Amino acid sequence: MRFTSEQRLDDGVLEREFTLGEVPGVLWTPGSAPAPLILIGHNGGLHKREARLVARARHAAEHGFAAAAIDAPGHGDRPRSAVDEQHRADLRRAIEAGEPVDEIVDAFIVPLVEKAVPEWRTTLDALLTLPEIAGPVGYAGMTAIGIRLAVVEPRISAAGFFAGGFVPSALREEARKVTIPLLFLLQWDDEGNDRQLALDLFDAFGTREKTLHANLGGHAGTPWFEVDDGARFFARHLK
């Protein structure tokens with residue numbers, strides 16, 4: 001892991017960009033150290049410095065957590081392949097036409113998960129060597145990646161998933177193996193995702209401790225108070 005920039009923000013949070021092989025990322029750490037860690041995942045082609053993601057990371061740091069984000073394959077500063085671009089175009093077209101998207105989602109998201117999860121695990125290996133990070137570890141973000149991480153990565157103790165992301169059928173089956181505490185956020189009027197599929201997915205999670213928060217509004221309308229509730233959720237399980 002090589003840090004490429006560093007700045008102390010006005011709230012006392014230390015923000016550092018890093019690279020790990022070809023993977024770029026950002027680490028936010030609070031003034032108090034060592035601190036438990038939250039991995040902040042994202043999807044939809046977003047950048048690791050997308051405004052909502054940065055706000056969530058800084059909020060976590062203000063509440064005593066370290067937070068890290070990386071650009072997933074084909075996201076942010078990482079190049080997209082022609083196949084990725086075609087899948088995105090096919091998905092947009094199918095949604096706009098009201099056509100089934102299951103096959104497109106499987107072809108697009110499964111390879112993304114297969115690439116992204118090992119990168120997250122390698123990033124976690126590096127982050128946990130830093131003296132300012134002590135664990136335990138949480139994950140907050142894209143559901144498809146989060147399901148696989150929760151199943152294969154024993155160092156993750158709790159997770160917060162956003163129901164708005166597309167989840168392939170194979171990962172819906174893997175959800176039954178998720179046994180860590182879980183907070184699941186659902187936007188009731190999400191324009192691009194099926195509400196019943198999200199509810200069925202919540203039912204499928206195998207954990208004995210799972211909470212569903214549903215709010216009115218579209219995909220990007222998650223109320224900020226859910227970020228506060230998320231901090232309380234992670235405080236219960238990581239501190």
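Data block above holds the structure.
Keep in mind it's a predicted model, so treat the numbers as computed, not measured. (Residues numbered from 1 in each chain as written. Predicted model: local features only at pLDDT ≥ 70, side-chain atom pairs only at ≥ 80, totals over all residues. Heavy atoms only, no water.)

A. Spotlight on the nonpolar core. Of all hydrophobic cores here, the largest spans 50 residues; its most connected members are Leu 37, Leu 39, Tyr 139, Ile 145, Ile 147 and Phe 205. It is helix 3 (residues 102-127) that contributes the most residues to this core, 11 residues altogether. Filtering out sequence-adjacent residues up to four positions away, Leu 37 remains in contact with Ala 66, Ala 67, Ala 68, Leu 124, Leu 127, Ile 133, Pro 136, Val 137, Gly 138 and Leu 238. Formed by 21 residues, the second largest nonpolar core is a distinct cluster that contains Leu 9, Ile 40, Ala 158 and Leu 238. (Core = buried A, V, L, I, M, F, W, Y, C linked by side-chain atoms within 4.5 Å. Buried < 20%, exposed > 50% of the residue type's maximum accessible area, 1.4 Å probe, protein only. Helix = DSSP H or I, 4+ residues; strand = E, 2+ residues; numbered from the N terminus. Contact = heavy atoms within 4.5 Å.)

B. Quick peek at the sheet that holds strand 5 (residues 66-70). Spatial strand order, 1-2-3-5-4-6-7-8-9: nine strands in an open sheet with mixed pairing. Two strands close off the open sheet at either side, each with one partner strand: strand 1 (2-8) and strand 9 (210-215). Direction aside, neighbouring strands of the sheet carry axes that sit 20° apart on average. As judged from the six bridges shared by strand 6 (residues 133-142) and strand 7 (residues 156-162), these two strands associate in the parallel manner. Its bridge partner lying in strand 7, Ala 140 is registered against Gly 160. Helix-sheet contacts for helix 3 involve strand 2 (14-20), strand 3 (23-29), strand 4 (35-40), strand 5 and strand 6, and the interaxial angle to strand 5 is about 140°. (Pairing = 2+ DSSP bridges. Axes fitted to C-alpha atoms, helices over the stretch in contact; angles between N-to-C directions.)

C. Molecular detail of the pattern of salt bridges. Going through the model one piece at a time under the given rule, you end up with 12 salt bridges. Between Asp 125 and Arg 155 there is a salt bridge whose closest N-O contact spans 2.8 Å. You can see Asp 125 sitting in helix 3 and its partner Arg 155 sitting in the loop between helix 4 (143-152) and strand 7, a full 30 residues away along the chain. Given a relative accessible area of 29%, Arg 155 falls into the partly exposed group. Residue Asp 229 pairs with Arg 232 through a salt bridge whose shortest N-O separation is 2.1 Å. Within this pair, Asp 229 and its partner Arg 232 are both found in helix 7 (residues 225-238), separated by three residues, close to a single helical turn. When salt bridges with common partners are traced through the structure, they connect Arg 121, Asp 125, Glu 153 and Arg 155 into a single cluster. (Salt bridge = Lys/Arg side-chain N within 4 Å of Asp/Glu carboxyl O.)

D. Here's a closer look at the environment of Leu 112. Looking at the element boundaries, Leu 112 is found in helix 3. A relative accessible area of 8% means that Leu 112 is categorised as buried. For the pair Leu 112 and Ala 144, spaced 32 residues apart in the sequence, the C-alpha separation amounts to 9.2 Å. Setting aside residues up to four positions removed in sequence, Leu 112 forms contacts with Ala 72, Pro 73, His 75 and Met 142.

E. Spotlight on the packing of helix 2 (residues 82-97) against helix 3. The interhelical angle for the contact between helix 2 and helix 3, taken along N-to-C directions, is 150°, at an axis separation of 10 Å. With respect to their mutual orientation, helix 2 and helix 3 come out roughly antiparallel. Seen from above, helix 2 lies across helix 3 with left-handed handedness. In this structure, helix 2 contributes Asp 84, His 87, Arg 88, Asp 90, Leu 91, Arg 93 and Ala 94 to the contact, and helix 3 contributes Ile 104, Val 105, Ala 107 and Phe 108. Broken down by class, the residue content of the contact of helix 2 with helix 3 amounts to six nonpolar, one polar and four charged. (Parallel < 35°, antiparallel > 145°, perpendicular 65-115°, else oblique. Left-handed = near helix turned anticlockwise from the far one by under 90°. Nonpolar A, V, L, I, M, F, W, Y, C, P; charged D, E, K, R; others polar.)

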